[in-house]
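Residues per chain are reported as follows:
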Amino acid sequence: MSPRALALIAPALLLASCTPPVDVDAERDAIRAQSEQWLAMSRAGDAAGVAALFADDATLLWEDRPLVSGGEAVEAFLVRDFAESGTDGTFRADRIDVAASGDLAVESGTWRGESQEGRYLTVYRKEGDAWKVQADMSLGASPNGGAPAWATTQLATWYELYNARDGEGLSRIYAPDAVVGGTAGARGRAAIARRFRDGWAESDDTCTGAYDDFRMVDDLAVGSGRDVCTTPDGQTTTYRWMSVAERQADGSWLLIRDRGVEMGS
């Protein structure tokens, strides 16, 4: 390699070595705080404040609405939306991913309005020291993934018993030979009750959640959803789960398989 080439490469390597590493956790926390600020301003009907979070060339696309481009257009859109739909809606992030470069991030979560709910995806771009919304997309979904009344009631009872630390009551939602967890999970009601009690001993959390999707085939029903569990000190963890229920001879439904995994922050 020629001396000239080395003279060009050496400064580049020195510059790269001096670049501080990105604190991904800190950037994720910053986006989560900004998302919470977005919600607060939305609840206050502050269209200008929300629009200021968007980049000048940002795009906004909500289901059954025209594509909106640019900060001024976003503000005008939000003024109309707040007037037509109100400001009582809410949304919550369940996943935020930040690129290792520290200049791009994606947030996904759920939203709920007066009579609708759904999921959203927001793309952020770093501009200087600030995160700006580059794109925001939203889709509606059937409440509780379209689950029938018996399934939503059963799920509500599940959370009520879980938060009450009633392992025996929880186990009766499951069939006698049900399995909770993977291939090495707890089988049978006694083992299932013990599994929950062991879990409570490790983490004193309170959970809520809903179905994202629900399907029925003859006497089997498969549902998937997510839990949001919060400890007394405010730490929140999101889990994705899938359960299978089977119709019993008396027409009732009991869970026969149930498994959840922790999602990334």
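Please read all numbers here as calculations on a predicted model, not as lab measurements. (Residues numbered from 1 in each chain as written. Predicted model: local features only at pLDDT ≥ 70, side-chain atom pairs only at ≥ 80, totals over all residues. Heavy atoms only, no water.)

**Focus on a negative patch on the surface**
Right, so step 1: The grouping of Asp46, Asp56, Glu72 and Glu75 at the surface amounts to a negative patch.
Right, so step 2: Within the secondary structure layout, Asp46 lies in the loop between helix H2 (24–43) and helix H3 (47–51). (Patch = residues over 30% accessible without salt bridge, like charges linked within 9 Å, V, L, I, M, F, W, Y side chains within 5 Å. Areas by Shrake-Rupley, 256 points an atom, 1.4 Å probe, with all protein chains shown as cover. Salt bridge = Lys/Arg side-chain N within 4 Å of Asp/Glu carboxyl O. Lys, Arg positive; Asp, Glu negative; His and termini not counted. Charge placed at Lys NZ, Arg CZ, Asp CG, Glu CD. Helix = DSSP H or I, 4+ residues; strand = E, 2+ residues; numbered from the N terminus.)

**Considering the pattern of salt bridges**
Right, so step 1: A complete count under the given rule lists 15 salt bridges for this structure.
Right, so step 2: Here Asp97 makes a salt bridge to Arg95, at a shortest N to O gap of 2.8 Å.
Right, so step 3: Via salt bridges that share partners, Asp94, Arg119, Asp212 and Arg226 belong to a single interconnected network.

**Overview of the environment of Asp25**
Right, so step 1: Relative to the helices and strands, Asp25 resides in helix H2.
Right, so step 2: Spatially, the C-alpha atoms of Asp25 and Val106 are 14 Å apart, while their sequence positions differ by 81 residues.

**Quick look at unusual backbone geometry**
Right, so step 1: Non-glycine residue Arg165 carries a positive phi angle of around 60 degrees.
Right, so step 2: Exposure remark for Arg165: the relative accessible area of 25% places this residue in the partly exposed category.
Right, so step 3: In this model, Asp218 sits at a positive phi of 55 degrees, which is unusual for a non-glycine residue.
Right, so step 4: Take Asp218: it is sitting in the loop between strand E9 (206–217) and strand E10 (220–230).
Right, so step 5: By relative accessible area, which is 67% here, Asp218 ends up exposed. (Buried < 20%, exposed > 50% of the residue type's maximum accessible area, 1.4 Å probe, protein only.)

**Considering the pairing of strand E6 (residues 130–141)**
Taken residue by residue, a regular strand's side chains alternate between the two faces of the sheet.
Right, so step 1: Strand direction decides the pairing type here: strand E1 (residues 54–62) and E6, joined by five bridges, are parallel. Looking across to E6, one finds that Thr59 is bridged to Ala135.
Right, so step 2: The sheet contact formed by strand E5 (residues 117–127) and E6 spans 11 bridges and is antiparallel. Looking at the pairing, Gly118 lines up with Gly140 of E6.
Right, so step 3: The turn linking E5 back onto E6 is made up of two residues, and Gly128 within it adopts a positive phi angle of 65 degrees. (Pairing = 2+ DSSP bridges.)

**Overview of the state of the cysteines**
Right, so step 1: One pass over the structure, following the stated rule, counts one disulfide.
Right, so step 2: In this model, Cys207 is linked to Cys229 through a disulfide, with the two sulfur atoms separated by 2.0 Å. Residues Cys207 and Cys229 are joined through a disulfide that is right-handed, its torsion about the S-S bond being 110 degrees. Of this pair, Cys207 sits in strand E9 while Cys229 sits in strand E10, placing them 22 residues apart in sequence.
Right, so step 3: Take Cys229: its relative accessible area is 4%, and that puts it in the buried class. (Disulfide = S-S within 2.5 Å.)

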